[in-house]
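Observations on the model geometry
One letter stands for each residue in the lines below.
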Amino acid sequence: MFTEKKIKLHVKNMPGEGDSRSNFREQYIRDYGDNWAETLADQMAVDEHVNYDDFVNISDLVWTARQNHVPVQNLISPMDLTNTRNAKKRWAIAIMLLQAERFDFNYTGVRGVCSMLNKQDEYFGEFTAFNMFSAMASPHDRIPEKEIHDFLKIRRPPKIQHLLLHGMWLSPEGEYSETMVLVSNQVLDDNPRDIVAHLRLAEGLRRKHEYKRAVRILDRGIELNDSRDTKIHEDFTRQRIVTTQEGQMWVLLKKHQESLDDQILEYSEKIRNEQYSMLFRIVEILALFFAIVGLFATSVSLASLGDLSGGQRLSIIFAGGAVLIMFVLLLHFILRPESDKWWVERRQDISSRKWKEKREAWRSEVVDEIEQSNSLKADGIRQELDSIKWHIDNL
């Protein structure tokens, strides 16, 4: 009897997508067991040319090995980087170590491996992206968003974009909302059916407090997700619950804040008016006192001037009275409160801000509906083209 000889798998033969790719990864890890990492590095070293598919294949195998309890960290160490002379093999080991630490959310480990690498040896920004990941995920570091935007001026491959999104997602203080939305949309422009990009986009919108848009993106992701992938479905469900509850709290807090702003403005005007009224009464009392003193002084002075006629005396008294009246009016002018223009503008500003928020929310809803409609149309056209291609292939 002839025994069937088992053919060892080679990473270059990994299928591009679908169940066959998943099955290949599982079989690869089972076949090589504890030697899978070393075997993968040796297979990579055969061809000295590095391309993006190598990065994707290594990353996927590292994830599969982690799921099968054969993690990279138990098989190779950063010291293997210094003991390897082959450039391609060294690069493959570096990617395995970096991805393994990243999957464990170990930003310190990522930084440690990056410190042993030279950025000049990277091919599509992978080492720079891992460095950014470690900085964004760390509670002690922060990377300026401008630096991320400058890095993305060169169009980066999807896995590199997802690496940055992962770091932003892990940021302890929930930063990088604008950049998360930007990068997620870039990924979705290239692949509208990218499930993880929908999750990251929804998270960026949640951090921007755009909860309705975030929920619609999550619903779209749930619709696109393969029903057999229950793990990612749980992630979507959890994210949707968090987003919905936070959105409800945000609306409630905004209503209380608006009510509190109105009350503060009302009481501020009331206190201001009362202060003005009290101050003016004090001024009126002082003015009356000075008027009486002035009148008394004028009467005494006129009594000492015997050569003045009655008309002249009255003229002097009226002149003194006019001066006192002008003095009171001057105090009114000086002590009067500022124009109500500021208060009117404040109220208008609050009203304008509320209207602007409603307008932006409405605009976002319209844009999302249009994008979703276009996406559905594109999916329909794609399915029709696939159907036509299938019929042509089977003629």
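Look above for the structure.
Residues numbered from 1 in each chain as written. Predicted model: local features only at pLDDT ≥ 70, side-chain atom pairs only at ≥ 80, totals over all residues. Heavy atoms only, no water.

For the protein, the helix and strand inventory stands at 15 helices and 0 strands. Residues classed as buried in the protein amount to 35% of the 395 residues present. Contacts spanning at least 24 positions in sequence make up 66% of the contacts within the protein whose residues lie at least 6 apart. By element, 57% of the accessible surface of the protein is carried by carbon and sulfur atoms, the whole surface being about 24900 Å². (Helix = DSSP H or I, 4+ residues; strand = E, 2+ residues; numbered from the N terminus. Buried < 20%, exposed > 50% of the residue type's maximum accessible area, 1.4 Å probe, protein only. Contact = heavy atoms within 4.5 Å. Areas by Shrake-Rupley, 256 points an atom, 1.4 Å probe, with all protein chains shown as cover.)

Below, the discussion takes up the nonpolar core. Counting 74 residues, the largest nonpolar core has Y28, W36, L40, I58, W91, M96 and L164 as the members making the most contacts within it. It is helix α5 (residues 87–103) that provides the largest number of residues to this core, a total of 10 residues. Apart from the residues within four sequence positions on either side, W36 is in contact with Y28, I29, L61, V62, A65, V70, V72, L75 and M96. (Core = buried A, V, L, I, M, F, W, Y, C linked by side-chain atoms within 4.5 Å.)

Turning our eyes to something else, we now look at the packing of helix α2 (residues 36–45) against α5. α5 packs onto α2 with a crossing angle of 140 degrees between their chain directions and a minimal axis gap of 8 Å. Between α2 and α5, the angle falls in the class oblique. Here α2 and α5 pass one another in a crossing that is right-handed. Seen from α2, the contacting residues are W36, A37, L40, A41, D42, M44 and A45; seen from α5, they are K88, K89, A92, I93 and M96. (Axes fitted to C-alpha atoms, helices over the stretch in contact; angles between N-to-C directions. Parallel < 35°, antiparallel > 145°, perpendicular 65-115°, else oblique. Left-handed = near helix turned anticlockwise from the far one by under 90°.)

Looking now at the pattern of salt bridges. Scanning the entire structure with this criterion turns up 22 salt bridges. Measuring nitrogen to oxygen at the nearest pair gives 2.8 Å for the salt bridge that ties R207 to E203. Of this pair, R207 and E203 both sit in helix α11 (residues 195–207), separated by 4 residues, roughly a single helical turn. A relative accessible area of 4% places E203 in the buried class. (Salt bridge = Lys/Arg side-chain N within 4 Å of Asp/Glu carboxyl O.)

Let's shift gears to the side chain of K88. Mapped onto the elements of the fold, K88 is located in helix α5. For K88, a relative accessible area of 3% puts it in the buried group. Excluding residues that lie within four positions of it along the chain, K88 makes contacts with M44, A45, D47, E48, H49, V50 and D54.

Where α5 contacts helix α6 (residues 107–114), the two axes come as close as 7 Å, and the packing angle between them is 160 degrees. If you check the angle between α5 and α6, you find them roughly antiparallel. Taken as a pair, α5 and α6 cross one another with a handedness that is left-handed. On α6, the residues that touch A94, L97, L98, E101 and R102 of α5 are G109, V110, V113 and C114. Of the residues that constitute the contact of α5 with α6, the class distribution is 6 nonpolar, 1 polar and 2 charged. (Nonpolar A, V, L, I, M, F, W, Y, C, P; charged D, E, K, R; others polar.)

Next up on the list: α2. Counting buried positions along α2 yields 8 of 10 residues, so the element is predominantly enclosed. Taken residue by residue, α2 has W36, A37, T39, L40, A41, Q43, M44 and A45 as its buried positions. Residues of α2 that are buried make contact with α1 (18–32), α3 (52–67) and α5.

Position of V113 among the secondary structure elements: in helix α6. In this structure V113 comes out as buried when scored by relative accessible area, which is 3%. When the C-alpha positions of V113 and F130 are compared, they lie 9.5 Å apart, and in sequence the two are 17 residues distant. Not counting the four nearest positions on each side in its chain, V113 is found in contact with P78, L81, A94, L97 and L98.

A positive phi angle, near 65 degrees, is found at Y176, a position not held by glycine. Tracing the backbone through its elements, the reader meets Y176 in the loop between α9 (158–169) and α10 (177–190). Positive phi, close to 65 degrees, is recorded for H209, a residue that is not glycine. With respect to the secondary-structure elements, H209 resides in the loop between α11 and α12 (211–224).

Between its terminal C-alpha atoms α5 stretches 24 Å, which fits the 24 Å expected from 17 residues at 1.5 Å a residue. Among the residues of α5, the N-terminal cap falls to N86, whose side-chain oxygen and the backbone nitrogen of K88 are separated by 3.0 Å. Two residues or fewer past α5, F105 is found with a positive phi of approximately 60 degrees. (Expected span 1.5 Å × (residues − 1). Polar contact = N/O pair within 3.5 Å; in protein donor to acceptor, adjacent residues only side chain to side chain.)

Here we come to the side chain of E175. Relative to the elements of secondary structure, E175 occurs in the loop between α9 and α10. For E175, the side chain forms a polar contact with the side chain of R142, separated by 2.5 Å. If we ignore the near neighbours within four places in the chain, the residues touching E175 are R142, M168 and R207.

What follows concerns the packing of aromatic side chains. Per the counting criterion, the structure on display carries 9 aromatic pairs. Geometrically, the ring pair formed by Y28 and Y32 is tilted, given 4.8 Å between the ring centres and 55 degrees between the ring planes. Note that Y28 and Y32 are positioned in helix α1 at a spacing of 4 residues, about one turn of the helix. Taking the centre distance of 6.1 Å and the plane angle of 75 degrees together, the rings of F105 and W169 count as edge-to-face. Linking F105 in the loop between α5 and α6 with W169 in helix α9, this pair joins segments that are 64 residues apart in sequence. (Phe/Tyr/Trp six-rings, centres within 6.5 Å; stacked < 30°, edge-to-face > 60°.)

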